[in-house]
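# Structure at a glance
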Number of protein chains: 2
Amino acid sequence: MDKLQKYVKLLVNTGVGLKAGQKLVINCPVDLAYFGRLAMKEAYDAGAAEVLILWNDEISGRIHYLNAPDDAFGHEIEWIKARVKYLVDEGYCLLNVYATDPENLKGVNPERVQKQQKVNQMMSKPLSDKVTSSAVQWNLASVPTPSWAKKVFPNAKNEEEAIDLMWEAIYAACRVDDATDPVDNWKAHVDSLQGKANKLMELNFKSLHFKNSYGTDLITELPAGHVWVACGEKAKTGNNFIANIPTEEVFTAPHREGVHGIVYGTKPLVYMGDVIDEFWVKFEKGKVVEYGAKKNEHLLKSLLELHKNADYLGEVALVPYNSPISQSGILWYNTLYDENASCHLAFGRGYNYCLAGTDDKTEDELNEMGLNQSLTHEDFMVGSPCLEIIGTTQDGKEIAVFTKGDWAI
Amino acid sequence: MDKLQKYVKLLVNTGVGLKAGQKLVINCPVDLAYFGRLAMKEAYDAGAAEVLILWNDEISGRIHYLNAPDDAFGHEIEWIKARVKYLVDEGYCLLNVYATDPENLKGVNPERVQKQQKVNQMMSKPLSDKVTSSAVQWNLASVPTPSWAKKVFPNAKNEEEAIDLMWEAIYAACRVDDATDPVDNWKAHVDSLQGKANKLMELNFKSLHFKNSYGTDLITELPAGHVWVACGEKAKTGNNFIANIPTEEVFTAPHREGVHGIVYGTKPLVYMGDVIDEFWVKFEKGKVVEYGAKKNEHLLKSLLELHKNADYLGEVALVPYNSPISQSGILWYNTLYDENASCHLAFGRGYNYCLAGTDDKTEDELNEMGLNQSLTHEDFMVGSPCLEIIGTTQDGKEIAVFTKGDWAI
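Residues numbered from 1 in each chain as written. Chains lettered and ligands numbered in written order. Predicted model: local features only at pLDDT ≥ 70, side-chain atom pairs only at ≥ 80, totals over all residues. Heavy atoms only, no water.

## Topic: the overall build of chain A
When helices and strands are tallied, chain A shows 13 helices and 19 strands. Against the compact-globule benchmark of 22 Å for 409 residues, chain A has a radius of gyration of 21 Å, which places it among compact chains. In terms of overall dimensions, chain A has C-alpha extents of about 55 × 50 × 50 Å along its principal axes. Counting all 409 residues of chain A, 57% fall into the buried class. Expressed as a percentage of contacts within chain A between residues at least 6 apart in sequence, the contacts between residues at least 24 apart total 75%. For chain A, the distance from the average site of its 41 positive side-chain charges to the average site of its 57 negative ones is 1 Å. (Helix = DSSP H or I, 4+ residues; strand = E, 2+ residues; numbered from the N terminus. Rg over C-alpha atoms; globule rule 2.2 N^0.38 Å. Buried < 20%, exposed > 50% of the residue type's maximum accessible area, 1.4 Å probe, protein only. Contact = heavy atoms within 4.5 Å. Lys, Arg positive; Asp, Glu negative; His and termini not counted. Charge placed at Lys NZ, Arg CZ, Asp CG, Glu CD.)

## A short note on the sheet that holds strand 16 (residues 377-381) of chain A
All names here are of chain A. Taken in spatial order, the four strands line up as 9-14-15-16 in an open sheet, and their pairing is antiparallel. One side of each edge strand has no neighbouring strand; the edge strands of this open sheet are strand 9 (250-252) and strand 16. The sheet shows a mean angle of 20° between the axes of neighbouring strands, direction not considered. Where strand 9 lies against strand 14 (residues 313-318), three bridges are found, and the strand directions are antiparallel. When the sheet's bridge partners are listed, Thr252 is paired in strand 14 with Val316. (Pairing = 2+ DSSP bridges. Axes fitted to C-alpha atoms, helices over the stretch in contact; angles between N-to-C directions.)

## Topic: the relation of the copies chain A and chain B
The transform that puts chain A on chain B rotates by 180° and translates by 0.0 Å along the axis, for an RMSD of 0.1 Å. Taken together, the rotation angle and the small translation identify this as a two-fold axis. Of the interface residues in chain A, 100% have counterparts in chain B that sit at the interface too, so the contact is made through matching surfaces. (Least-squares fit on C-alpha atoms with pLDDT ≥ 70 in both.)

## Considering the interface of chain A and chain B
Accessible area lost on assembly of the parts is the figure often given for the size of an interface. The interface of chain A with chain B comprises 29 residues on the first partner and 29 residues on the second. A combined buried area of about 2,500 Å² lies between chain A and chain B, and 68% of that area is made up of carbon and sulfur atoms. Along the contact surface separating chain A from chain B lie four salt bridges. With a shortest N-O distance of 2.7 Å, Arg37 of chain A and Asp57 of chain B are connected by a salt bridge. Here chain A is connected to chain B by six residue pairs in polar contact (both at pLDDT 80 or more). Of all the secondary-structure elements, those providing two or more residues to the side of chain A that touches chain B are helix 2 (33-45), strand 2 (50-56), helix 3 (58-67) and helix 4 (78-89) of chain A. It is strand 2 of chain A that contributes the most residues to the side of chain A that touches chain B, six residues altogether. In terms of residue class, the side of chain A that touches chain B is made up of 20 nonpolar, three polar and six charged. (Buried area = accessible area lost by both parts, 1.4 Å probe. Salt bridge = Lys/Arg side-chain N within 4 Å of Asp/Glu carboxyl O. Polar contact = N/O pair within 3.5 Å; in protein donor to acceptor, adjacent residues only side chain to side chain. Nonpolar A, V, L, I, M, F, W, Y, C, P; charged D, E, K, R; others polar.)

## Some points on the packing of aromatic side chains
Tallied over the entire structure, the rule returns 33 aromatic pairs over all chains. Each residue in the set Tyr7, Tyr34, Phe35, Trp167 and Tyr171 of chain A is aromatic and connected to the rest through ring pairs, giving one cluster. Lying across the ring of Tyr312 of chain A, Arg256 of chain A places its NZ or CZ 4.1 Å from the centre. Note that Arg83 of chain B overlies the ring of Trp79 of chain A, its terminal NZ or CZ placed 5.3 Å from the centroid. (Phe/Tyr/Trp six-rings, centres within 6.5 Å; stacked < 30°, edge-to-face > 60°. Lys NZ or Arg CZ within 6 Å of the ring centre and 35° of its normal.)

## Quick word on the environment of Lys19 of chain A
Residue and element names in this part refer to chain A. The topology assignment puts Lys19 in the loop between helix 1 (3-15) and strand 1 (23-29). C-alpha separation for the pair Lys19 and Asn240, spaced 221 residues apart in sequence, amounts to 9.9 Å. Aside from chain neighbours lying at most four places away, what touches Lys19 is Ala46 and Asn239.

## Side note on the pairing of strand 2 of chain A
All names here are of chain A. Counted residue by residue, strand 2 has five buried out of seven residues, so it is predominantly covered. Here seven bridges tie strand 1 to strand 2, and the two strands are oriented parallel to one another. Across the sheet, Leu24 pairs through a bridge with Val51, a residue of strand 2.

## Topic: the state of the cysteines
Residues and elements named next belong to chain B. Within this structure, the stated rule accounts for zero disulfides over all chains. You can see Cys93 has no disulfide; the closest cysteine sulfur is in Cys28, sitting 17 Å from it. Between Cys386, a free cysteine, and Cys343, which holds the nearest cysteine sulfur, the sulfur-to-sulfur gap is 11 Å. (Disulfide = S-S within 2.5 Å.)

## Looking at the nonpolar core
If you look at the biggest cluster of nonpolar residues, it comprises 208 residues, and the most contacted ones within it are Tyr7 and Leu318 of chain A together with Tyr7 and Leu318 of chain B. Val131 of chain A together with Trp138, Phe241 and Ala243 of chain B belong to the second largest nonpolar core, which has 38 residues in total. (Core = buried A, V, L, I, M, F, W, Y, C linked by side-chain atoms within 4.5 Å.)

## Remarks on the pattern of salt bridges
Oppositely charged side chains can form a pair if their charged atoms are brought close together. All names here are of chain A. Enumeration according to the criterion identifies 46 salt bridges over all chains in this entry. Here Glu248 ties to Arg175 by a salt bridge, and the two come within 2.8 Å at their closest N and O atoms. Of this pair, Glu248 sits in the loop between strand 8 (240-241) and strand 9 while Arg175 sits in the loop between helix 8 (159-173) and helix 9 (182-203), and the two are 73 residues apart along the sequence. Put simply, Lys125, Asp129, Arg349 and Glu363 are held in one network by salt bridges that share partners.

## A few points about the packing of helix 4 of chain A against helix 6 (residues 125-132) of chain A
Residue and element names in this part refer to chain A. It is the contact of helix 4 with helix 6, at a shortest axis distance of 8 Å, that shows an interaxial angle of 35°. Facing helix 4, whose interface residues are Val84, Leu87 and Val88, helix 6 presents Pro126, Leu127 and Lys130. Residue composition of the contact of helix 4 with helix 6, by class: five nonpolar, no polar and one charged.

## Overview of helix 8 (residues 159-173) of chain B
Residue and element names in this part refer to chain B. Between its terminal C-alpha atoms helix 8 stretches 21 Å, which fits the 21 Å expected from 15 residues at 1.5 Å a residue. Buried within helix 8 are the following residues: Ala162, Ile163, Met166, Trp167, Ala169, Ile170, Tyr171 and Ala173. Looking at the buried positions of helix 8, the neighbouring elements they touch are helix 1 (3-15), helix 2 (33-45), strand 4 (138-142), helix 7 (146-152), helix 11 (324-327) and helix 12 (335-338). N-cap assignment for helix 8: the residue whose side-chain oxygen lies 3.2 Å from the backbone N of Glu160 is Asn158. Arg175 lies just past helix 8 and shows a positive phi near 60°. (Expected span 1.5 Å × (residues − 1).)

## Some remarks on helix 1 of chain B
Quick reminder: α-helices carry 3.6 residues per turn. Residues three or four places apart thus point the same way. All names here are of chain B. With 13 residues, helix 1 ought to run about 18 Å at 1.5 Å a step, yet its terminal C-alpha atoms sit only 16 Å apart, falling short of that. Within the span of helix 1, buried status applies to Lys3, Lys6, Tyr7, Val8, Leu10, Leu11, Val12, Thr14 and Gly15. Directly beyond the C-terminal end of helix 1, a positive phi value near 65° is found at Gly17.

## Concerning unusual backbone geometry
Between Ile245 of chain A and Pro246 of chain A the backbone carries a cis peptide bond, its omega angle lying at 5°. By secondary structure assignment, the location of Pro246 of chain A is in the loop between strand 8 and strand 9. Phi at Asn309 of chain A takes a positive value of approximately 65°, unusual for a residue other than glycine. With respect to the element layout, Asn309 of chain A can be found in the loop between helix 10 (297-306) and strand 14. For Asn309 of chain A, a relative accessible area of 9% corresponds to the buried category. Notably, Asn296 of chain B is not glycine yet its phi reads approximately 60°, a positive angle. Relative to the helices and strands, Asn296 of chain B resides in the loop between strand 13 (287-295) and helix 10 (297-305). Asn296 of chain B gets classed as buried once you look at its relative accessible area, which sits at 18%.

## Topic: the side chain of Asn296 of chain A
All names here are of chain A. Here the side chain of Asn296 touches Asp274 through a polar contact of 3.4 Å, side chain to side chain. Looking at Asn296, its side chain comes within polar contact range of the main-chain oxygen of Val275, at 2.9 Å. What Asn296 contacts, discounting residues up to four positions off in sequence, is Asp274, Val275 and Ile276.

## Quick look at the sheet that holds strand 16 (residues 377-381) of chain B
All names here are of chain B. The strand order across the open sheet formed by four strands is 9-14-15-16, and the pairing between neighbours is antiparallel. This sheet does not close on itself; its edge strands, each paired only once, are strand 9 (250-252) and strand 16. Here the average twist between neighbouring strands, direction ignored, is 20°.

Okay, here's the thing in structure tokens:
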């Protein structure tokens with residue numbers, strides 16, 4: 001079996017965790033049709049009851065954003081809501097093939113994009129609720145596109161070489177090689193990450209203190225009942241799945257009103273087709289009270305103002321600086337990869353499964369429990385080789401969690 | 001402007017007849033994404049209010065047909081019905097990019113295909129009703145794909161050459177060249193075809209008698225109020241459009257109960273990914289009473305039995321044997337082209353605009369008026385260089401309409 005086939009098999013069987021009799025929807029860019037077809041065949045080989053491919057195309061999306069009249073944006077469309085409802089009602093598992101040109105939306109009027117994305121997020125909320133609460137099995141995976149490959153490997157001698165380099169980097173990061181079975185590799189990797197999560201659960205920290213030489217000095221309180229999550233969750237379907245391949249993170253939700261101090265971004269944040277860089281954010285009682293960026297501060301502003309509670313945190317994720325993805329030294333321009341190169345936080349929504357007792361709670365109740373509710377969820381990187389994280393236990397004891405950017409527990 | 005750009009402009013502006021402020025939906029295969037994007041840009045340049053691309057993919061469709069379990073087929077899906085309703089309610093114009101591998105469904109269980117196509121046709125009926133009654137502007141156009149190009153040009157030295165040959169054949173058939181403006185060319189062509197249609201309207205034949213040396217000896221009565229149609233119709237939107245590019249035909253509906261005698265197919269009929277060849281059909285009082293085929297008679301049987309009234313005729317179309325498409329000598333394996341190389345008939349549905357006074361009539365009433373109602377509409381070729389067509393007027397006079405396969409009026 002070649003590496004491509006191994007990768008597809010890994011995504012469908014270990015990532016989505018698809019079992020015989022389940023339905024699968026594949027969200028796939030039109031330019032990666034060959035990959036969507038491979039995944040469909042793999043899913044039927046795994047006994048899928050039905051596989052549906054929903055095609056998308058950001059290039060015609062860009063043409064639409066640039067050329068349509070103003071009133072073409074921001075409308076709720078009934079059939080799209082009906083499609084979301086169908087996927088939810090029928091219990092579809094999700095495979096999202098994620099391949100975005102980081103510069104696709106460059107030069108597009110950001111008001112148009114925000115207006116449209118806001119309504120898109122509202123329309124897809126019933127499904128994203130299922131995803132964020134692990135009610136369904138899902139996986140997000142990347143596949144090289146020419147624009148992405150050339151951005152990451154600008155020195156490749158042609159498009160073909162850039163794509164080849166991109167594939168090899170993806171295979172390495174995803175523990176896919178010629179010699180071994182990636183399914184076994186992932187069993188071992190999941191065990192290791194879950195060991196860290198279990199240890200953090202035992203320690204049951206009251207708060208974490210982040211400090212590094214960039215100037216970060218941030219305390220994130222953790223709500224009572226917080227849950228540390230590593231990959232290999234069990235969905236409410238009863239089946240295990242791995243939402244992100246690759247993944248190196250162990251994460252939970254901070255208390256939405258318990259974030260204090262200042263944090264510096266350590267990697268560029270790709271947003272709206274552009275890059276927010278050298279930025280910092282200051283929090284008081286969980287809320288952003290001040291911020292700045294050397295590059296594209298206005299984009300940071302619109303990110304924080306896009307949706308209610310986008311200016312609170314929803315995630316704190318620990319990733320060692322010596323993870324394979326970090327060590328690749330590649331700036332991936334792709335959150336799925338870059339977030340696994342570095343400790344990170346997320347503006348906006350916290351995941352229900354990061355807090356005990358969230359079932360059937362309203363948004364207001366979840367906010368009150370400390371789990372931030374928002375339509376935004378945007379990761380930003382804060383890890384560095386000099387990052388220190390000190391945990392404070394419920395009885396006030398201080399324990400090093402990270403030293404010099406790496407696990408200390 | 002290059003020929004590709006001229007072709008796209010012809011389809012959007014002359015074919016769909018898109019006017020500023022109208023909405024357009026483009027049905028496009030994923031492998032022809034570049035073409036869908038060109039058409040979207042062209043439509044916005046023409047002032048479209050909104051352009052929506054709905055992607056399709058027959059290759060994953062084949063994987064689905066071959067691998068899904070039996071009960072994955074034939075279900076009505078609410079969101080798809082909601083999408084059809086949306087397109088109808090919002091008055092979308094249609095551009096269908098038609099690029100089918102004639103062998104795509106080869107080896108697939110035809111029962112699955114029929115079951116699914118039946119429900120697909122039912123779900124899209126509100127939109128196909130608008131199309132067949134010219135309530136909306138629409139155009140069906142072809143774009144080369146590797147599989148189609150290699151089928152038509154098996155001796156090309158590689159895929160690229162086959163695609164190039166296919167494009168040149170399409171441009172020639174569609175009156176697109178380097179020197180002239182295809183929009184002007186089409187104005188002249190439309191005038192010529194409409195001249196024939198006007199003449200046939202004046203003659204107001206009671207019936208047509210088809211005879212040739214293949215053995216065809218068929219009388220098709222024409223219902224009172226029948227309308228001869230050439231391209232360049234006016235839609236109920238008030239705008240002109242040309243549904244098929246290319247088109248060489250002048251057509252109407254026979255009386256559903258007024259077809260008598262025997263007719264021989266003169267070209268292979270591509271159906272369900274396979275070819276029905278050397279076939280004949282015998283009619284009494286409009287209904288098929290006997291038929292035979294040297295190749296794939298069982299497919300002819302399933303075509304005639306698929307839907308109610310598929311065994312009656314809905315269209316009679318006149319195409320001179322010396323049309324440019326006919327003279328190209330190419331077997332296109334594509335109805336849009338092959339039907340314009342030859343006189344043809346269609347099993348199944350007749351078009352409302354081929355009969356006066358059909359507005360707001362029920363299906364039963366339309367059948368009673370002589371306009372066959374069915375979910376099937378399948379063309380088959382009956383033209384030949386030896387075809388004679390004699391028209392009989394209301395007062396019994398006989399007039400030659402076609403002599404030696406070409407117009408005699």
